[in-house]
Structure formats: structure tokens, C-alpha cells
There are 2 protein chains.
Amino acid sequence: MDVFERNCETLKAMLADTGVKARPHAKAHKSGYLARAQLAILGDVASGVCCQTVRELEAMVAAGVDDIFLTNQVVGPDKLRRLRAALDAAPGVVGVLVDDAAQVAALEQAVAGSSKTLDVYVEVDVGQNRCGTRPGAPAADLAATVVAADGLRFRGAHCYHGLLQHVRKTDERKAKVGGVCDGVRATLAALEAAGIGCDVVTGGGTGTFPYERDSGLYTEVQPGSFCLMDGDYLANDYDDAPFERSLAVRATVVSRPTADRAVVDRAAKESEIPNFKGSYLGRFPLVVDAGSKAVDLVSGAPTLAVGSFRSGGDEHGIIDGPGDLACGDHVELFPSHCDPCVNLHDYWVCHRGGVVEAVVPVDARGPGL
Amino acid sequence: MDVFERNCETLKAMLADTGVKARPHAKAHKSGYLARAQLAILGDVASGVCCQTVRELEAMVAAGVDDIFLTNQVVGPDKLRRLRAALDAAPGVVGVLVDDAAQVAALEQAVAGSSKTLDVYVEVDVGQNRCGTRPGAPAADLAATVVAADGLRFRGAHCYHGLLQHVRKTDERKAKVGGVCDGVRATLAALEAAGIGCDVVTGGGTGTFPYERDSGLYTEVQPGSFCLMDGDYLANDYDDAPFERSLAVRATVVSRPTADRAVVDRAAKESEIPNFKGSYLGRFPLVVDAGSKAVDLVSGAPTLAVGSFRSGGDEHGIIDGPGDLACGDHVELFPSHCDPCVNLHDYWVCHRGGVVEAVVPVDARGPGL
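Residues numbered from 1 in each chain as written. Chains lettered and ligands numbered in written order. Predicted model: local features only at pLDDT ≥ 70, side-chain atom pairs only at ≥ 80, totals over all residues. Heavy atoms only, no water.

Chain A is annotated in an unreviewed UniProt entry as D-serine dehydratase-like domain-containing protein of Aureococcus anophagefferens.

Undergrad: Hey, could you run me through the overall build of chain A in this one?
TA: Regarding its fold elements, chain A presents eleven helices and 15 strands. Whereas a compact globule of 369 residues would reach a radius of gyration of roughly 21 Å, chain A reaches 23 Å, a difference of no more than 12%. With respect to the three principal axes, the spread of C-alpha positions in chain A is 75 × 40 × 40 Å. Contacts in chain A between residues far apart in sequence, at least 24 positions, make up 71% of those at least 6 positions apart. Carbon and sulfur atoms make up 52% of the accessible area of chain A, which totals about 13300 Å². Of the side chains in chain A, 36 bear a positive and 49 a negative charge, and the two mean positions are spaced by 3 Å. (Helix = DSSP H or I, 4+ residues; strand = E, 2+ residues; numbered from the N terminus. Rg over C-alpha atoms; globule rule 2.2 N^0.38 Å. Contact = heavy atoms within 4.5 Å. Areas by Shrake-Rupley, 256 points an atom, 1.4 Å probe, with all protein chains shown as cover. Lys, Arg positive; Asp, Glu negative; His and termini not counted. Charge placed at Lys NZ, Arg CZ, Asp CG, Glu CD.)

Undergrad: Honestly, the interface of chain A and chain B in this entry has me stumped. Any pointers?
TA: Accessible area lost upon the coming together of the parts serves often as the stated size of an interface. Counting residues at the interface gives 62 residues for chain A and 62 residues for chain B. Together, the buried faces of chain A and chain B total about 5200 Å²; carbon and sulfur atoms form 48% of this surface. The largest per-residue losses of area from chain A upon contact with chain B belong to Asn129(A), Arg130(A) and Lys293(A), which jointly make up 14% of the total buried on that side. Counting every contact that joins chain A to chain B gives eight salt bridges. In this structure, the salt-bridge partner of Lys30(A) is Glu315(B), at a minimum N-O distance of 3.9 Å. Taken together, chain A and chain B are joined by 20 residue pairs in polar contact (both at pLDDT 80 or more). (Buried area = accessible area lost by both parts, 1.4 Å probe. Salt bridge = Lys/Arg side-chain N within 4 Å of Asp/Glu carboxyl O. Polar contact = N/O pair within 3.5 Å; in protein donor to acceptor, adjacent residues only side chain to side chain.)

Undergrad: How should I be thinking about the confidence of the model for chain A in this particular structure?
TA: Detailed reading of the predicted coordinates is not advisable wherever pLDDT is low. On average, residues of chain A score 90 in pLDDT, and 91% of them reach the 70 mark or higher. Predicted complex, confidence summary: ipTM 0.85, pTM 0.89. (pLDDT = per-residue confidence, 0-100.)

Undergrad: Can you walk me through the relation of the copies chain A and chain B in this structure?
TA: Applying a rotation about an axis and a shift along it to one chain copy brings it onto the other copy. Of the transformation placing chain A onto chain B, the axial shift is 0.0 Å and the rotation is 180°, giving an RMSD of 0.0 Å. When the rotation and shift are considered jointly, the pair of chain copies conforms to a two-fold rotation axis. Considering only C-alpha atoms, the residue of chain A closest to the rotation axis is Val298(A), which sits at 2.7 Å. In this assembly, 100% of the residues forming the interface of chain A have copies in chain B that are likewise at the interface, indicating an isologous arrangement. (Least-squares fit on C-alpha atoms with pLDDT ≥ 70 in both.)

Undergrad: What should I look at first to understand the pattern of salt bridges in this one?
TA: Between side chains of opposite charge, a pair can form as their charged atoms come close. Across all of its chains, the model carries 46 salt bridges over all chains by this definition. The closest approach of N and O atoms between Arg55(B) and Asp346(A), which form a salt bridge, is 2.6 Å. Within this pair, whereas Arg55(B) is found in helix 3 (residues 54-62), its partner Asp346(A) is found in the loop between helix 11 (338-343) and strand 14 (347-352), the two belonging to separate chains. For the salt bridge of Arg153(B) with Asp119(B), the shortest nitrogen-to-oxygen distance reads 2.7 Å. One end of the pair, Arg153(B), is in strand 6 (residues 152-158); the other, Asp119(B), is in strand 5 (residues 118-123), with 34 residues separating them in the sequence. Relative accessible area serves as the criterion here: at 37%, Arg153(B) is assigned to the partly exposed category. Residue Asp119(B) is classed as buried on the basis of its relative accessible area, which comes to 1%. (Buried < 20%, exposed > 50% of the residue type's maximum accessible area, 1.4 Å probe, protein only.)

Undergrad: So what exactly am I meant to see when it comes to the sheet that holds strand 7 (residues 200-203) of chain A here?
TA: Within a sheet, adjacent strands bond to each other through the backbone by hydrogen bonds, running parallel or antiparallel. Residues and elements named next belong to chain A. Ordered in space as 1-8-7-6-5-4-3-2, the eight strands form an open sheet in which the pairing is parallel. Looking at the sheet topology across the chains shown, the edges are occupied by strand 1 (21-22) and strand 2 (49-51). Here strand 5 (residues 118-123) pairs with strand 6 (residues 152-158) via six bridges, running parallel. Bridging from a neighbouring strand, Leu118 pairs with Leu152 of strand 6. (Pairing = 2+ DSSP bridges.)

Undergrad: Quick question: what am I supposed to make of the pairing of strand 15 (residues 355-361) of chain B here?
TA: In the case of a regular strand, side chains alternate between the two sheet surfaces. Residue and element names in this part refer to chain B. Relative to strand 15, strand 14 (residues 347-352) runs antiparallel, the two being bridged by six bridges. Across the sheet, the residue bridging to Tyr347 is Pro361, located in strand 15. With antiparallel pairing between neighbouring strands as the criterion, strand 14 and strand 15 make up a hairpin whose turn holds two residues, including Gly353 at a positive phi of roughly 60°.

Undergrad: Looking at this structure, how should I read the domain arrangement of chain A?
TA: All names here are of chain A. By domain assignment, chain A separates into domain 1 (1-235) and domain 2 (249-274 + 282-361). Measuring from the centre of the C-alpha atoms in domain 1 to the corresponding centre in domain 2 gives 35 Å. In this complex, domain 1 contributes 16 residues to the contact, which on the side of domain 2 involves 17 residues. The contact between domain 1 and domain 2 buries some 1300 Å² in all, and 54% of this surface belongs to carbon and sulfur atoms. At the junction of domain 1 with domain 2, the criterion picks out two salt bridges. Between Arg352 and Asp2 there is a salt bridge, with the nearest N and O atoms lying 2.8 Å from each other. Across the contact surface, domain 1 and domain 2 share seven residue pairs in polar contact (both at pLDDT 80 or more). (Domains from an automatic or database assignment.)

This is the structure in C-alpha cells:
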């Protein structure tokens, strides 16, 4: 919690006096408790939170967050019904994305009869090639559809390029945000030409938000991982985002082959192991109770203070290196990608210098619903 | 459910009249409901179920399974306390693995005062190089420790080689099980020399169990994925295990760029995308609401009936190919590895020909606890 809070203080300092707000993304921690902890520190620098699924929205509503922005399209009758219920239950405003006129019509129908207005942002594809309208006139055309709809308020333009977050070199990352800003400018010009006011331009993640902040175009930024950090973000060449790692998975050593076995048997067996790479020779591996069901491996293996981690399957990790650990000892694994790692777990164990101060549910956990 | 049940019938037929029992592994489906469904079909061919974590054990106890074998070491005071509680609550027998004398002492202490006896199996490393004693005398020495302990019953030898399950060629897979059997024979000889009876020799997974079945050494086999099947298992060259795919993740199309955008803009932008491989030219991608938090990607992308899947991040999948789908339409994604995919989800939607007959919790879900 000390590190988590320090990261929030750092973000606050990076935005103070810039006029650009922080809207931290809850997809990273998926916890109403941690969202409230962030907002308490960020204070006036925060405009609210982002979330990525209806379940995350429901958790943020339950946590009493005033301004919640679901940075995704909400498609299909089940999700639309839950969105409507969350809107009605929310203490403040709720926003969602659209990139198609059919979604606007479906949202209009979903909120019909509600006493609340739904905020709608047009998603502009500023280079990620995933969702979003083209910049410029297509975005303004869609915004006009929102303006004309009952029960919806056009709130602004969502201009986020996720793939840039992990471009390693600062200069290259910054230059590519320049390309993103071209799309923002074209969109703002088209909106102005159409006579549509745009209160909010939102985007930017932990890897790029200082450049969106300094663009003169964005009114808020959406970093999520900054509070936890992970191996993939720490591999960026950061001059300007001094966040620290606050997230670890604690694993227990469950098996410890003897040294002679490690040296002799394992070396002899290497040729027998399908897909085996590397060498056991001279290593003293130990096995921990954390595999692919405890630490997300899609972005690479977790790191640890001493030794290196290999997957041992769904429930096992094999650690090469540390010679002085015994069964029952613990190691801390630092994941490569915090979001999907957090998503595997049901509880946050929040500690301060090793003293647990809260165990809270990962209440927004779940598979894209 | 039709396919799931057919897979169970197939397994039953493959073991009937062989004297070798099935102990299906619950780590695949992580559901007490589905464990009971399997046992109802397998009948006398089943010796019980396997599970891999204490949480899975607790779910199998809650489901009333008579004979539950946790194929893992249970290390640390928290897990040992929960193991003891599960043993006391279980309707029948509970077993666990050991590969170290210190674990035997810890188990003896954990069950002290219980009215129940804990079954203990010695894990023998038959080539996987993960956990396990060496075959032969070291396994027998550890079994003697179990025999001497109060409250524990030495039940048998666990001889499982997980890495062989996905050796693609049948002949090669079969030949490697021959090497596994050498370790089993050495262990049985050492146990006999020590005067220790060995009731059970257990191992084998969906990829190899017909060879363990035919070895004359194994008394039971432990396939888990057979009831669901996945891309990694279906990539095996199977002559002898005709299981079918019963598991799919249903995703919804949430965004559908227009054809002109797909052809023109995307082709122009390829050079801008970090790590981009392939070409958008001539493709008409669509985006679904299933990314790495809905379908495990460690063993590769899921497949689908028409088109191909690329990750679009944690909550998005990008599908290239099908030209006739619109927002709100559904696609079925077939995962590459069923166990970690199931582990991402909270509920099984059990249907028969599209008609839902049960929605049951993935009650054993969780991160290695």
C-alpha cells in the first residue's frame, strides 16, 4: 500500500497545475476498494475512473464512484440491461463508448424511461486498428447521432492507442503520440464544423500519458497500470514516469529436489523432455505453487529477486537459482502484465511493510462480461 | 452436455473389462456438478476423482465425491489446516502426494486427532523433472516413512509425466510411456524388497492413458481434458482416443469496421503498428468481446468455425475472415488449453443442442490455493 499510494501521489504531481485530469483505469486492479483509495489521493486532479466491462462498472457503482466511464462498446441485450440498471443505481454519471450508429440506437432504447442521462463518447481509431470510427468527419457524424438521441449526452472523444503503451523507447513513443494527435485534431475540427461541442478528449495510458497531457488537446488521461506496475511497463525506457512495482504474487516452495539429483538426473534427462530448452546442469531448481493459473504468462514469465521462473504447468512454477530456500518458504513473483494476473485472483491482500491491513475482493474480476 | 457425456461413455468403453480404473481429473472442469456427471456415467469403472489444489478438494468434498485424490504436495500451515478440515468433512477417503519426508511429518501433525485416515501417495519423478522422488529405492524409502506415520495410509505410487501428453506422434508418445514404465517397475521392485504393499499405481493423462492402461503396471489412469478437449490435445496424432470438443467460449461481435476501412486504412497503417505481423489487406476484421481475460492464450489462440482469431488485448479479440457477421452476432471460440480457460470463468453454461439445462459455478476456480 505504501508503494501503491506513492504511485498515486506521483501521478497527482505529474498532473497538478496542468489542467489535465486523471481518470485512472480500474481494469488494472479491478477493485472498488483500490479505486476509492486512488481517488482519495488524487482529489481534484481526478475526473473519475475508467472501467472496461459491465462487471467492472457494477463494482465501481457499488463502490460509490461519482463518474464512471466504461471505455468499451456495450453490445447485446444482457449487457444493455445491466448497463441500464447500473446507470439507475449509480451515484453520479456513467459513460460508454460507441463506434457505430446502431449502438447509439440500442443505447437510446436501453435508457428509455430512466431519470438519468447516459454519457456517450465516440471512440476514434487513432491507430490501434481495433475498434473506433475513423478520425474526422466519420467521428463527427456519429457524434451528431448521439446529440440527436433521447436520453444520451455526447460527452467527448475517446482517442486511445493501446499498442503505443509498450513501445520501448521514449522518443519513439512520444513521436507516435504525435500521430495520434493528428487524428484528434481532425476530429475536433470536424466536430467544430458540425457545431458540436466536445467537452472531453480522453486517452493515454501509463506508457504515453505525459505526451497526451502536454498535447494541448487532451482534457484527461487514463493510466491504469501506474499504481501497480509490471514487467512489461518496467521494460519501457522511462525518463518521465517514475512508478514503482506494488504488485506481487506470493508463492510457496512445495518441492525441492536434492542437489545431486538436480545435477545428475536432470542433466541426463534433458534429451527426453519435449520442447526442453536450456540446461539443468549445475542448477538447483525448486518448485513453487504458482503456475499459469496464478501468474499470467501471456506477456512473459514473472521475475523474482533471486533466480528465474519457468512455467511448470497450471499449478507449478520452476525456479532456477536460489540455493537456500526450503519447502514452505515463500517467494514473491512480479508479473509481466498486471491486469490479467490480477484477474486470476479473488482477493487483494493489502499490506504495508508486510503487515496486512485489508483483504478485499477483486470484485470486478471476470471474463469480459 | 451431449458431447461431454459421449466423451465419458468413450472413456468408459476404453477401460471396460481391462481392470484399470478411471480417476478423471477435476482440474480440467473445476466443477463439482461436472465431476458428479462424469462419475454417474463411469460407474464402476471410476475409482474416484483427482484434483490439483486444496480449493478443488473442497469443491469435490462439497459435491459429495467418495474418493478424492489431490495430485499435489500440500505445503504450509494454511493449506494443511484446510486439508484437515476437508478430510474431516469428506464423505469418503482423501489422498495427497508427498515427495519429501518433511511433508510426511507435516501431514502426520495436520491429521493428528482426526477420526479419519489420510491416504498418501508417493510422487515418483518418471521423467517430468518437476516434483517427485527418484524412482526405485528413494520412492520406497519415502513410502516407508508414510507407513511408519500415525494417521496416514500409504496408498500407492503416483507416476505421471505431464509433458508426454502433448507429444504429437502416437508412436513417439507410446514409446516414451515405455520409459515411464521403467521407473514404475524400479519403484515397485524397491517397494516389494522393502516389504511394502502398493495397492495403486496411478498416472496417465488424456494424451497417454491407453498406454498406461495396457502396461500391466497401472491400476488407474487420470485423464482430465478428455471430457472437454482443446486445440492442444486435438493437435495430437490420435489413433486411439476419439474424444470430441465440448467446450467453447461464446463471444459477441462488438465492433465491425466497414469493408473500405478494412482495405484502405488498415493496409496503410500496418507499418505503424508495433510488432504487427501479417497483412490487413483484403481482410474484413471484426472485434469480439473476448480477449486474454476470457480465453487463455498461453498455449495459442483459440480456433473458430470460420476465420482466425488474434488477441486484441485483455477484453478484445480480432477475427479475420467471416464476412457476414454484424454487431451483436455470436461466435464460438474453441480454446487451445481447456484448464486455464475454464479457470478464467465463474460459471459453466451447460447446454444440450443450444438449450441451456444448467448454469453451475466453476466452484473450484482459483489461483493455486
